[in-house]
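Next come the chains, spelled out residue by residue.
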Amino acid sequence: MNKQPIGIFDSGVGGTSIWRAIHALMPKENTVYLADSANAPYGPKGKEAILALSIKNTEYLLNHNCKLIVVACNTATTNAIDYLRQHYDVPIIGIEPAIKPAALKTQTKVIGVLATRGTLSSELFCNATQLYSNGIKIIEQEGEGIVQLIESGRINSTKMTAVLRGYLEPMLEANIDYLVLGCTHYPYLMTQLKKILPKHVKIIDSGEAVAKQTKAVLEKHALLNTAEANPILQFYSNSNPLVMSSLLEDKFKVDYLKF
Ligand code: DGL
């Protein structure tokens, strides 16, 4: 049982930021990563469409015999995790924007959240902001267009810099000291973000927390892989596999998959 892979899916290549954290923490675990890039972005789609795609991705991974599923997508988590947990027997780990640590640490009492429309409009996100917004101003900004630029391999383009400036400058004017990255694609923008944001603005993402949670759940269910063999790491994309392989510094083979 414990040699079965961990299944990870995202609307596209961004969830590899979560895969990295999981692989760094549990290097012996076998993994199957699924990028539904042909259907990206999920953010502008409605809840029903996001749920249907999340079910399709989950079932694909379960057919690959995965012992646990990581929904490495804030948009899919905030719209579909309750359904997935109710309908499938394996443990399911999700990811949400890390509002709590930012709200607890902010000095200026103003934090920024950059996420997709699907995440910002979800009930789960609204509940979280209500819980932590006491005395704190939370500036929500939809990252419209960012996922498409990353999916088309234009991370370091002038267009990306212009889009990011447009979203971040109003947050800076409002005096944020924390920026929460509410989309698993966004950690790949760290270099550009650091160029735009002054040093005192801290950037928070949820990758490490998700990896720790995944490990804790595997331990709890006695599902950790204790074998010493090198792990089998599989990557699948239903769009151009070269975008993902370049994000992974061409260290891993990415297979095209029609699904
Ligand atoms: N990586 C996804 C997330 O974390 C991007 C969603 C999208 O495709 O718009 O929300």
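To be clear, the structure that these remarks concern was listed above.
Residues numbered from 1 in each chain as written. Predicted model: local features only at pLDDT ≥ 70, side-chain atom pairs only at ≥ 80, totals over all residues. Heavy atoms only, no water.

Engineer: Lay out the sheet that holds strand 5 (residues 110-115) with the relevant residues and their values.
Structural biologist: In space, the 4 strands of this open sheet follow the order 6-5-7-8, with parallel pairing throughout. Either end of the sheet is taken by a strand with one partner, and the two such strands are strand 6 (137-142) and strand 8 (202-204). Each strand of the sheet is rotated relative to its neighbour by a mean of 20°, with strand direction disregarded. With 6 bridges connecting them, strand 5 and strand 6 associate as parallel partners. Counted as the bridge partner of Leu114 is Gln141 from strand 6. (Pairing = 2+ DSSP bridges. Helix = DSSP H or I, 4+ residues; strand = E, 2+ residues; numbered from the N terminus. Axes fitted to C-alpha atoms, helices over the stretch in contact; angles between N-to-C directions.)

Engineer: Provide a residue-level description of the site of the ligand, including the pertinent values.
Structural biologist: Around the ligand there are 13 residues in total, and Ser11, Tyr42, Gly43, Thr75 and Thr184 lie nearest to it. In this structure, Ser11 approaches the ligand through a side-chain N or O atom, which is 2.6 Å from an oxygen atom. (Near = heavy atom within 4 Å. Polar contact = N/O pair within 3.5 Å; in protein donor to acceptor, adjacent residues only side chain to side chain.)

Engineer: Which residues make up the side chain of Asp36, and what values go with them?
Structural biologist: Within the secondary structure, Asp36 sits in the loop between strand 2 (31-35) and helix 2 (47-63). Overall, Asp36 belongs to the buried group, its relative accessible area being 0%. Within the structure, Asp36 has its side chain in polar contact with the side chain of Tyr42 (distance 2.5 Å). What Asp36 contacts, discounting residues up to four positions off in sequence, is Asp10, Ser11, Gly12, Tyr42, Leu53, Lys56, Asn57, Asn238 and Phe259. (Buried < 20%, exposed > 50% of the residue type's maximum accessible area, 1.4 Å probe, protein only. Contact = heavy atoms within 4.5 Å.)

Engineer: Can you explain helix 6 (residues 123-132)? Please cite residues and give values.
Structural biologist: Turning to helix 6, its buried residues number three or more, namely Phe125, Ala128 and Thr129. Looking down the long axis of helix 6, one finds its buried residues gathered within 95° of arc, a one-sided arrangement. Seen from the open side of helix 6, the exposed residues pointing more than 90 degrees away from its buried face are Glu123, Gln130 and Leu131. Contacts from the buried residues of helix 6 go to helix 4 (99-105), strand 5, helix 5 (117-120) and strand 6. (Arc of directions from axis to C-beta.)

Engineer: Give a detailed account of the nonpolar core, specifying residues and quantitative values.
Structural biologist: Counting 52 residues, the largest nonpolar core has Val70, Ile146, Leu179 and Leu189 as the members making the most contacts within it. Broken down by element, this core gets its largest block of residues, 6 residues, from helix 8 (residues 158-173). Not counting residues within four places of it along the chain, the set of residues in contact with Ile146 comprises Leu114, Met160, Val163, Leu164, Tyr167, Tyr186 and Leu189. Counting 22 residues, the second largest nonpolar core, distinct from the first, contains Tyr42, Ile50, Ile81 and Leu257. (Core = buried A, V, L, I, M, F, W, Y, C linked by side-chain atoms within 4.5 Å.)

Engineer: Report on the packing of helix 2 against helix 3 (residues 74-87), specifying residues and quantitative values.
Structural biologist: At their nearest, the axes of helix 2 and helix 3 sit 9 Å apart, and the two run at 70° to each other. Looking at the two axes, helix 2 sits roughly perpendicular to helix 3. With respect to the hand of their crossing, helix 2 and helix 3 are arranged in right-handed fashion. Side by side, helix 2 and helix 3 meet where Lys47, Ile50, Leu51, Ser54, Ile55 and Thr58 of the first sit next to Thr75, Ala76, Asn79, Ala80, Tyr83 and Leu84 of the second. The residue inventory of the contact of helix 2 with helix 3, partitioned by class, reads 7 nonpolar, 4 polar and 1 charged. (Parallel < 35°, antiparallel > 145°, perpendicular 65-115°, else oblique. Left-handed = near helix turned anticlockwise from the far one by under 90°. Nonpolar A, V, L, I, M, F, W, Y, C, P; charged D, E, K, R; others polar.)

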